[in-house]
Amino acid sequence: MAETRTLGELLVERGVSRRAFLKYSSYLATLMALPPSAAEAMAEGLAKARRQAVIWLSFQECTGCTESLTRAFSPTLEDLIFNFISLDYHHTLMAVSGEAAENARLQSMAENKGKYIVMVDGSVPMKDGGVYSTIAGRTNLETLRETAKDAFAVISVGTCAAFGGLPHADPNPTGAVAIQDIVKDKPVINIPGCPPIPDAMTGTVAHILSFGKLPELDDLKRPKAFFGETIHDRCYRRPFYQRGLFAKSFDDEGARKGWCLYEVGCKGPITYNACATLKWNGGVSFPIQSGHGCLGCSEPDFWDKGGFYRPLPTPLASVREHVTEAAAAGAVLGGAAAWLARSSQNAYKSETKKSEEA
Amino acid sequence: MDLLEFARGPALQVSLAIFVFGVIWRLLGLLLLPWRKDHSAPRGTAPYAVVAVLQANLRKMWPHKTFVKATVFQFVNGYVMHVGLAIVVLLFAPHILFIKSLFGVTWPALPSNVVYAVGAITLFSLIAGLLHRLTSPVLQLISRTDDYISWLVTLLPVATGLLAIIQVGARYETLLALHILSICLFFIWFPFGKLMHAFTFVLSRGATGVRFKHRGAEL
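Keep in mind that what you see is a predicted model, and the values were worked out from it rather than measured.

About the cut-offs
- Residues numbered from 1 in each chain as written.
- Chains lettered and ligands numbered in written order.
- Predicted model: local features only at pLDDT ≥ 70, side-chain atom pairs only at ≥ 80, totals over all residues.
- Helix = DSSP H or I, 4+ residues; strand = E, 2+ residues; numbered from the N terminus.
- Buried ≥ 20, exposed ≤ 12 C-beta atoms within 10 Å, placed from the backbone.
- Contact = placed C-beta atoms within 7 Å.
- Rg over C-alpha atoms; globule rule 2.2 N^0.38 Å.
- Pairing = 2+ DSSP bridges.
- Axes fitted to C-alpha atoms, helices over the stretch in contact; angles between N-to-C directions.
- Nonpolar A, V, L, I, M, F, W, Y, C, P; charged D, E, K, R; others polar.
- Domains from an automatic or database assignment.
- Parallel < 35°, antiparallel > 145°, perpendicular 65-115°, else oblique.
- Expected span 1.5 Å × (residues − 1).
- Arc of directions from axis to C-beta.
- Core = buried A, V, L, I, M, F, W, Y, C linked by C-beta atoms within 7 Å.
- pLDDT = per-residue confidence, 0-100.
- Left-handed = near helix turned anticlockwise from the far one by under 90°.

Participant: Explain the overall build of chain B to me, using residue names and the numbers behind them.
Facilitator: In terms of regular secondary structure, chain B is built from nine helices and zero strands. Along chain B, from the amino end to the carboxyl end, the secondary structure elements read α-α-α-α-α-α-α-α-α. Structurally, chain B occupies a C-alpha span of about 65 × 40 × 35 Å along its principal axes. Counting only residues that meet the buried cut, chain B has 31% of its 219 residues in that class. Summarising the internal contacts of chain B: among those between residues at least 6 apart in sequence, 75% fall at separations of at least 24.

See the structure below:
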């Protein structure tokens, strides 16, 4: 609900030292590729900021994004950033609260009009009046429009919210669309991933809190700090790619030696995300380090790009059938052309012979 | 559907189909034509036709000594360009993957950095070839639009491939899509322009060899 104390005051109450707070601000600033001077500005900004009201809506999703965020527990101040946030409403976490939760959402919207942030995970079904996903008897579309109307900004968390994700995959039976396809009059930030990296979520929120504005975004509305480079650019297996050393399968010698996974379908070269630098589980590992190629989960329509194990430079589908038909057609036309030429030559010969005889 | 999906999907399917259709049409149309018979008695030194074909193809790989001085640049540059293209097309890991997806066969790749260097040399060679064509009065006289289009559709895959590697001008996926689309353009133009010489040069040299040798002429 509406918070009067600043974050700095809250931190002092919780026994967080200024040194620890500055350290965390430096970490966040580094994470977002901000200049060193920004760390102090970020600390100042965060200290003066008031708790940010956040309303979290969950639509057509698997709860993986919420899992990613809530399990991003760290003994450092990282988890505290969510103490900075007044999470006034969360569909999934408050599901059992029923009507009380819905009232909390409406109350927060009224008290923080124009200031609250809406975080959304999941896509919105549009087909058949949106009946494929309803909460408290209302369609996701109705809830989103109502909630986003007076928001400061909308953050689409996860690939489903950002680009439609799995529900949007062909044949898209529910007519699922991304949040940015519906919310047109508010700033929208996409933090895609299946699930997204927790640091990308917390870092983005911290940026808004610190500087009162949105971070720099790419053409897909993703924060450049986390989605500015491809997985391939920062992959520790990149030298093997340069040397032409590739795993041919997941259990061959190349795979055991940790060679590049490009030939077994890694989508790292076309996937913009920070997995290779921030990694997962407190910086322990990321999919490629665990021996599996990147699926490209932070890119639009990653489910429909020809298969996770189809290498990038190959056609999306088999071309054999089309090529066989084309070869047959070419053979018929070539044969016909030669036959016509022969017929024409024979006709010419017989005419010449006749005229000679005459 | 984004640009890369379009390039890897419908564009590749259609262009490969046109390529195969056109090549088979032209080759069969050519090979099934009636063969011109030479009714004259062959010279005593005339070899079998197959031998004459081989001799002519080998002999024409380097100019006659009379023409070496005048044509050495285009021969050397031609070799640099063709060998460079062969290395880039056949020995770069992503290209081998592409070929494997079509024919199911594979072979070892060269280190990517080596292929990048060869690609750059091939690009310069292509540009040098064009400059030579534009500055040579004889080549200017015999050059047609087909020559320039064939040059362009050969240059574009090399140039876009190199751009994709160094990631200049656009994001990698856009450059990769442009690279694949430029290859599609190459496939589409190939059967109908002078690029078809990749198949027909053996036939034309062979036919010349057979006729020359039949008459006892030196190649």
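Participant: For the overall build of chain A, give the residues involved together with the corresponding values.
Facilitator: When helices and strands are tallied, chain A shows 14 helices and nine strands. Taken over the C-alpha trace, chain A has a radius of gyration of 28 Å; the compact-globule value for 358 residues is 21 Å, which it surpasses by more than 25%. Along the first, second and third principal axes, the C-alpha atoms of chain A reach 120 × 50 × 35 Å. With 358 residues in all, chain A has 45% of them scored as buried.

Participant: For the sheet that holds strand S1 (residues 52–58) of chain A, give the residues involved together with the corresponding values.
Facilitator: All names here are of chain A. Across the sheet, five strands lie side by side as S2-S1-S3-S7-S9; this open sheet has parallel pairing. The open sheet has two free edges, formed respectively by strand S2 (85–90) and strand S9 (188–191), since each of these has just one partner strand. Between one strand axis and the next, the sheet turns through 25° on average, direction left out of account. Pairing between S1 and strand S3 (residues 117–121): five bridges, direction parallel. Residue pairing in the sheet places Ser58 in a bridge with Asp121 of S3. Its contacts with the sheet put helix H5 (residues 99–111) on S1 and S2, and the angle it makes with S2 is roughly 130°. Each of S1, S3 and strand S7 (153–157) is contacted by helix H6 (residues 140–148), which is oriented at about 170° to S1, the strand it contacts most.

Participant: An account of the interface of chain A and chain B is requested, with residue identities and associated values reported.
Facilitator: Of the residues lining the interface, 33 residues belong to chain A; the matching set on chain B comes to 35 residues. Only helix H11 (238–243) and helix H14 (320–357) of chain A provide two or more residues apiece to the side of chain A that touches chain B. In terms of residue count, the dominant contributor to the side of chain A that touches chain B is H14(A) (15 residues). Residues belonging to the side of chain A that touches chain B are distributed by class as follows: 19 nonpolar, ten polar and four charged.

Participant: Explain the domain arrangement of chain A residue by residue, including any values.
Facilitator: All names here are of chain A. In terms of domains, chain A is made up of domain 1 (52–199 + 216–224) and domain 2 (229–341). Taken together, the contact pairs twelve residues of domain 1 with 13 residues of domain 2. Residues of the side of domain 1 that touches domain 2, tallied by class, amount to six nonpolar, three polar and three charged.

Participant: Before we move on, could you go through the environment of Ile85(A) and cite the residues and values that matter?
Facilitator: Residues and elements named next belong to chain A. Take Ile85: it is sitting in strand S2. Its 21 C-beta neighbours within 10 Å are what place Ile85 among the buried residues. Not counting the four nearest positions on each side in its chain, Ile85 is found in contact with Arg51, Gln52, Val54 and Val205.

Participant: An account of the packing of helix H1 (residues 3–31) of chain B against helix H8 (residues 172–189) of chain B is requested, with residue identities and associated values reported.
Facilitator: Residue and element names in this part refer to chain B. Contact geometry for H1 and H8: axes closest at 9 Å, N-to-C directions at 10°. With respect to each other, H1 and H8 are oriented roughly parallel. For the pair formed by H1 and H8, the contact residues are Leu3, Leu4, Ala7, Arg8, Ala11, Leu12, Ser15, Leu16, Ile18 and Phe19 on the first element and Glu173, Thr174, Leu176, Ala177, Ile180, Leu181, Cys184, Phe187 and Ile188 on the second.

Participant: Quick one: what's the story with helix H3 (residues 37–48) of chain A, residue by residue and with numbers?
Facilitator: Residues and elements named next belong to chain A. Taking 1.5 Å per residue, twelve residues should reach 16 Å; H3 reaches 17 Å between its end C-alpha atoms and fits that length. Within the sequence span of H3, burial applies to Ala38, Ala39, Met42, Ala43 and Leu46. Buried residues of H3, viewed axially, fall in a sector of 140°; they line one side.

Participant: Which residues make up the environment of Val89(B), and what values do they have?
Facilitator: With respect to the secondary-structure elements, Val89(B) resides in helix H3 (residues 65–91). A sequence separation of 71 residues divides Val89(B) from Thr160(B), and the C-alpha atoms of the two residues are 14 Å apart.

Participant: Please set out the nonpolar core residue by residue, giving values where relevant.
Facilitator: Residues and elements named next belong to chain A. Val118, Val120, Val154 and Ile179 are the most contacted members of the largest nonpolar core, which has 85 residues in total. It is helix H8 (residues 198–211) that provides the largest number of residues to this core, a total of six residues. For this core, the two domains that each supply at least three residues are domain 1 (52–199 + 216–224) and domain 2 (229–341). Val120 has contacts with Leu57, Phe59, Leu144, Val154, Ser156, Val157, Ala161 and Ile179, leaving out every residue within four places of it along the chain.

Participant: Which residues make up the pairing of S7(A), and what are the values?
Facilitator: Residues and elements named next belong to chain A. Taken across its five residues, S7 has four buried, putting it largely inside the fold. Pairing of S3 with S7 involves five bridges; the strand directions are parallel. What sits directly across from Met119, in S7, is Ile155. Across four bridges, S7 lies against S9 in parallel orientation. Following the sheet pairing, Ile155 is matched in S9 by Ile189.

Participant: Got a sec to walk through the confidence of the model for chain A? Specific residues and values, please.
Facilitator: Summarising the model, chain A shows a mean pLDDT of 86, and 94% of its residues fall at 70 or more. Residue range residues 74–78 of chain A is modelled with pLDDT below 50. Its contacts to residues more than four positions away, or to other chains, number nine contacts.

Participant: An account of the packing of helix H5 (residues 112–135) of chain B against helix H7 (residues 145–166) of chain B is requested, with residue identities and associated values reported.
Facilitator: Residue and element names in this part refer to chain B. The N-to-C vectors of H5 and H7 enclose an angle of 145°; their axes lie 10 Å apart at closest approach. For the pair H5 and H7, the sense of crossing is left-handed. For the pair H5 and H7, the contacting residues are Tyr116, Gly119, Ala120, Thr122, Leu123, Leu126 and Leu130 in the first and Trp151, Thr154, Leu155, Val158, Ala159, Gly161, Leu162 and Ile165 in the second. Per-class residue counts for the contact of H5 with H7 are eleven nonpolar, four polar and no charged.

Participant: Account for the pairing of S3(A), naming residues and giving values.
Facilitator: Within S3(A), five of the five residues are buried, which leaves the element mostly enclosed by the surrounding structure. Residue alternation in S3(A) divides its side chains into two sets, Ile117(A), Met119(A) and Asp121(A) and Val118(A) and Val120(A), and both sets are buried.

Participant: An account of the confidence of the model for chain B is needed here, citing residue identities and associated values.
Facilitator: Taken as a whole, chain B shows an average pLDDT of 92; of its residues, 100% reach a score of 70 or greater. Reported for the predicted complex are a pTM of 0.81 and an ipTM of 0.82.

Participant: So what's going on with H14(A)? Which residues, and what values?
Facilitator: For H14(A), spanning 38 residues, the distance from its first C-alpha to its last is 55 Å, which sits close to the expected 56 Å at 1.5 Å a residue. Turning to H14(A), its buried residues number three or more, namely Ala326(A), Gly330(A) and Gly334(A). Elements that come into contact with the buried residues of H14(A) comprise H1 of chain B.

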